[in-house]
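Topology and contacts: notes
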Amino acid sequence: MDLWIRIQSALLAAVISSALAVTILLRNRRNRLYQLYATFNLNLVAWYISDALSVYLGASTPFLDKVRVLVAIMIPLSALRFFRAFVSDKSLLSDRMYRLFVAMAVVLAVLVVADVHRETELVDRAIYGYICIALYVSLYFIYRRFKRLESKVERTRLQYLMVSGAVAFTLALLDYLPGIGYYFFGNILTILFLYFVFQIILKLRVLDLYEFLGRAIVMATFSFVVAGIYVTLVVWWRKEIDLFVFNTLIASIVLYILYEPMRVFVEERMNHLLFRERYEFEAHLEALRRQMSTLINVEDLADTILRRLETSRRVTHAAVYLLEEYGLAYSAQAYMGPLPLRRLDRVTHHPFLRRLRDQAAVVLENLERERKQLEEHGAPPGAVEELDNVLATMTALHSGVALPFIADGHVLGFLTIKDDRLREAYSSEELRLLAGVAAQATLAIENSRLFDKVRDRDRLAALGEMSAGLAHEIRNPLGAIKGAAQLLEGGEPDPEMLRIIVDETNRLNTVVSEFLDYARPNRKPNLVETDVNRVVELTLDVVRADNPGRHEIQTRLMNVLPKVQSDPEQLRHVFLNLAQNAMQAMTATAQSGTLTVTTRLVESRGAALEGETALIRIEFADVGAGIPDEVRKNLFIPFFTTKQRGTGLGLALSLRLVRNLGGNIEVVSRPGQGSTFTVVLPARLSPVSPLVLAPTGNPS
Ligand code: ADP
């Protein structure tokens, strides 16, 4: 039984080893490291096969036995050569050691060929000792490298390698110690170890090793559970053959049901326990993707991404670049860490952008590796320069990884990230998730464009409506002017007609300038320290002058109103409009009334953070007829007016100006009793002395 296990495990190991050797050679036959790895594997294959054969055939074939021992003598040499190259140890010491082992191998081989080892056990022991020492020395090469390394990540990686190598070699060697060996674990572990090495030399991305380890653990756990289920269900009742079939069936069904949830569970626990940092990063990225799916504003996109990356604490540098309007360059929308390149023009950085277009992620270490390989194996002309150009761009961007936002083959923008504390800071799995984030960002950009289009369409529709209103507003006075002019034609100058002409021309002028005011896209407020009370008073002076007699104007101005950053000219415009509307509303009721203007400072709800925000309220309360509901709905819509000679632009423009200043206009109205229009403006107070400010205005 033992022998069968030995033969089987040896054959299994031989199959896998040769698969590894062939796979690596297929990747690149000329790479020296690959060649040495393949040689080491093939040496082991030869050993496993000759060992299996000699066990199978017994001691009856001295020739085979000789071959077997010679193959064994070769193993340490191929191992030493491979590990030396693997850690690129070109020191004299390692060279001498290698030569020493070669010498030993030659001596031992001669002894074997001369059949001396048949006469005394000493030779066998010497061979065994020689193999032991050589294998540990090859691990010692790794250790030497490990000692010299500074990068923490790479040290960890070599640490894993040394420990797993030591365990695998020890068990494999123990297997061949008479009386101890199971001829099973050693072989299997050696193969696992070789696979581990294979992963390292092929991928060379450190963090993938963690993944590899994680997967191995998941697989092992899973195998144990599966074995457990089979053992309990099948082996227990195996005395009856019918039951055996039945139980196998049940076990398979149970497995089938359990497989997926169990895999997820084990993987999740594993990730959580072993790779906490990564697990959290993934959770952050997932959250970011969800967050982005609701974005419609490109301006928010960069901020959202950066804020999330910052909280993840897995990046030290990050920036989001978007294509500029005319498509000539990409400009940084937001960044964290030191200032990267602000603008990346498309011509100079063409190679980088081309790579970005063709790859889901451009990774700095991969580029460096590619550069090295190009140097080693020769490269087509221009390839190295191009790669250097890409590398230079990556450096200028402070980028470890660049992820494109691609739509229809066009790079709309990209995200760059870097973790300065680590080399190879992101595993393949993480890069995959980051690429997902980039894809989501692309969607957000496209959505926002769509949204902009819709908004443009709405704006055009509104403009159309407004133009209709404007035409109407212009046609009326023009009609009046024309009528008056016709009456004047040929006759005496009539003062009444001339007044109509002047009035209507004035009105035309008002309509056109108000319209222009309104239509002008967001006029930037000219922010200065503004005393709101003073602006109110100046405005009311004008109103009083325009409306002599009939109505009264009262002010209740809070005398310790803080000054605010605002645009006094625009405020005056707004106040004038509200006051005039109030006067007109009161005039319409045919009684005399009072306009009361009040200013006050109130605390804004939910403030108390950051320099505490307060609000200034400026109320214009009239005792006019109030505003019916159907009028109320349309109050702020351009050209909506109930007045014979109104333009319907006053409130629309006022609201736009106030909003631009960060404020709002509120309306309270009771039909029959009057209306109150309130301008609310934000006032940022100094946290130290909130009210030691601008004592102005007399309470009246
Ligand atoms: P206009 O004054 O040219 O009509 P506005 O935009 O200033 O344009 O006002 C739009 C409409 O809102 C007015 O025609 C009027 O019906 C209503 N309105 C504005 N202010 C008041 C007020 N204080 N009382 C009653 N109605 C008002």
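Structure: above.
Reference entry: report on the structure contained in this document. (Residues numbered from 1 in each chain as written. Predicted model: local features only at pLDDT ≥ 70, side-chain atom pairs only at ≥ 80, totals over all residues. Heavy atoms only, no water.)

1. A look at the overall build of the protein
Counting its secondary structure elements, the protein contains 21 helices and 13 strands. Relative to its full complement of 700 residues, the protein shows a buried share of 42%. In the protein, 68% of the contacts between residues at least 6 apart in sequence involve partners at least 24 apart. Here the protein displays about 38300 Å² of accessible surface, and carbon together with sulfur accounts for 59% of that area. (Helix = DSSP H or I, 4+ residues; strand = E, 2+ residues; numbered from the N terminus. Buried < 20%, exposed > 50% of the residue type's maximum accessible area, 1.4 Å probe, protein only. Contact = heavy atoms within 4.5 Å. Areas by Shrake-Rupley, 256 points an atom, 1.4 Å probe, with all protein chains shown as cover.)

2. What to know about the environment of Leu12
Relative to the helices and strands, Leu12 resides in helix α1 (residues 2-27). Separated by 176 residues in sequence, Leu12 and Ile188 place their C-alpha atoms 8.4 Å apart.

3. Quick look at helix α4 (residues 92-113)
Counted at 1.5 Å a residue, the expected span for α4 with its 22 residues is 32 Å, and the 31 Å between its end C-alpha atoms agrees. When we look at burial in α4, the residues that qualify are Ser94, Tyr98, Phe101, Ala105, Leu108 and Val112. One face of α4 carries all of its buried residues, which in axial projection span an arc of 90°. Counted as exposed and oriented over 90 degrees from the buried face of α4: Leu92, Arg96, Arg99, Leu100 and Val110. Looking at the buried residues of α4, the elements they touch are α3 (62-86), α5 (116-119) and α6 (121-148). Residue Asp115 follows α4 closely and has a positive phi angle near 65°. (Expected span 1.5 Å × (residues − 1). Arc of directions from axis to C-beta.)

4. A few points about the pattern of salt bridges
Following the criterion strictly, the structure yields 22 salt bridges and no others. The partner of Arg355 in a salt bridge is Glu370, with the nearest N and O atoms 3.0 Å apart. One end of the pair, Arg355, is in helix α13 (residues 350-358); the other, Glu370, is in helix α14 (residues 364-377), and 15 residues separate them in sequence. Looking at Glu370, the relative accessible area reads 31%, which means it is partly exposed. (Salt bridge = Lys/Arg side-chain N within 4 Å of Asp/Glu carboxyl O.)

5. Looking at the sheet that holds strand β5 (residues 401-407)
Overall, antiparallel pairing links the six strands, which are arranged β3-β2-β1-β6-β5-β4 in an open sheet. Because the sheet does not close on itself, it has two edges, and the strands there are β3 (343-345) and β4 (362-363). The sheet contact formed by β5 and strand β6 (residues 410-418) spans seven bridges and is antiparallel. Residue pairing across strands places Leu403 opposite Leu415, the latter belonging to β6. (Pairing = 2+ DSSP bridges.)

6. Focus on the environment of Ile24
With respect to the helices, strands and loops of the structure, Ile24 is situated in helix α1. Using a relative accessible area of 0% as the deciding quantity, one classes Ile24 as buried. Between the alpha carbons of Ile24 and Gln35 there is a distance of 8.1 Å; along the sequence they are eleven residues apart. Ignoring any residue separated from it by four or fewer positions in sequence, one finds Ile24 in contact with Tyr34, Tyr37, Ala38, Phe198, Ile201 and Leu202.

7. Comments concerning the packing of aromatic side chains
Taken as a whole and judged by the stated rule, the model has 18 aromatic pairs. Relative to Phe414, the ring of Tyr321 lies with its centre 4.9 Å away and its plane at 15°, an arrangement referred to as stacked. With Tyr321 in strand β1 (residues 317-323) and Phe414 in strand β6, this pair connects stretches of sequence that are 93 residues apart. Given a relative accessible area of 0%, Tyr321 falls into the buried group. Note on Phe575 and Phe620: the rings are 5.6 Å apart at their centroids and 45° apart in plane angle, and the pair reads as tilted. Of this pair, Phe575 sits in helix α19 (residues 568-588) while Phe620 sits in strand β11 (residues 613-621), and the two are 45 residues apart along the sequence. Following the ring pairs from residue to residue traces out a cluster consisting of Tyr37, Phe40, Phe82, Phe83, Phe86, Phe169, Phe193, Tyr195 and Phe198. (Phe/Tyr/Trp six-rings, centres within 6.5 Å; stacked < 30°, edge-to-face > 60°.)

8. With respect to the nonpolar core
If you look at soluble globular proteins, the nonpolar side chains tend to sit buried side by side. Ranked by size, the top nonpolar core spans 62 residues in total, and within it Tyr37, Phe82, Phe83, Phe86 and Leu161 carry the most contacts. Elements with a minimum of two residues in this core: α1, α2 (32-57), α3, α4, α6, α7 (152-175) and α8 (185-203). It is α6 that contributes the most residues to this core, twelve residues altogether. For Phe86, the residues in contact, after removing those within four places along its chain, are Leu33, Leu158, Leu161, Ile200 and Ile201. Among the nonpolar cores identified, the runner-up in size contains 47 residues, and Met466, Leu578, Met586 and Val597 belong to it. (Core = buried A, V, L, I, M, F, W, Y, C linked by side-chain atoms within 4.5 Å.)

9. Some thoughts on the side chain of Ser17
Its place among the elements puts Ser17 in helix α1. Take Ser17: its relative accessible area is 0%, and that puts it in the buried class. Ignoring sequence-local partners within four residues, the contact set of Ser17 consists of Asn41, Leu44, Val45, Tyr48, Ile191 and Leu194.

10. So, the site of the ligand
The ligand sits among 21 residues. The nearest are Asn581, Thr641, Thr642, Lys643 and Leu651. A distance of 2.6 Å separates an oxygen atom of the ligand from a polar side-chain atom of Thr641. The contact in question runs from an oxygen atom of the ligand to an N or O atom on the backbone of Thr647, over 2.9 Å. Mapped onto the shell around the ligand, the elements with two or more residues apiece are α19, α21 (650-660) and β13 (674-684). Counting residues per element, the shell around the ligand draws most heavily on α19, at four residues. Considered class by class, the residues forming the shell around the ligand number nine nonpolar, ten polar and two charged. (Near = heavy atom within 4 Å. Polar contact = N/O pair within 3.5 Å; in protein donor to acceptor, adjacent residues only side chain to side chain. Nonpolar A, V, L, I, M, F, W, Y, C, P; charged D, E, K, R; others polar.)

11. Comments concerning a nonpolar patch on the surface
A cluster of nonpolar side chains, Trp4, Leu11, Ile49, Leu53, Tyr56 and Leu57, forms an exposed patch at the surface whose accessible area comes to about 600 Å². Counting residues per element, the ones that place at least two in the nonpolar patch are α1 and α2. With four residues, α2 is the single largest residue contributor to the nonpolar patch. Among the secondary structure elements, Tyr56 is positioned in helix α2. (Patch = residues over 30% accessible without salt bridge, like charges linked within 9 Å, V, L, I, M, F, W, Y side chains within 5 Å.)

12. Brief notes about the pairing of β6
Of all nine residues in β6, seven are buried; the element is thus mostly enclosed. One ladder, built from six bridges, connects β1 with β6; its direction is antiparallel. By the bridge assignment for β6, Ala319 is matched with Thr416. Between β5 and β6, which follow one another and run antiparallel, lie two residues, and Asp408 among them has a positive phi close to 50°.

13. Quick word on the environment of Phe146
With respect to the helices and strands, the residue Phe146 is situated in helix α6. Between the C-alpha atom of Phe146 and that of Met162, which follows or precedes it by 16 residues, the distance is 9.3 Å. Ignoring any residue separated from it by four or fewer positions in sequence, one finds Phe146 in contact with Arg155, Leu158, Gln159 and Met162.

14. Here's the deal with unusual backbone geometry
The phi angle of most residues is negative, glycine excepted, and most peptide bonds adopt the trans form. Non-glycine residue Arg313 carries a positive phi angle of around 55°. When you line up the elements, Arg313 lands in the loop between α12 (298-312) and β1. The class for Arg313 is exposed, based on a relative accessible area of 65%. Positive phi, close to 55°, is recorded for His398, a residue that is not glycine. Mapped onto the secondary structure, His398 falls in the loop between α15 (383-396) and β5.

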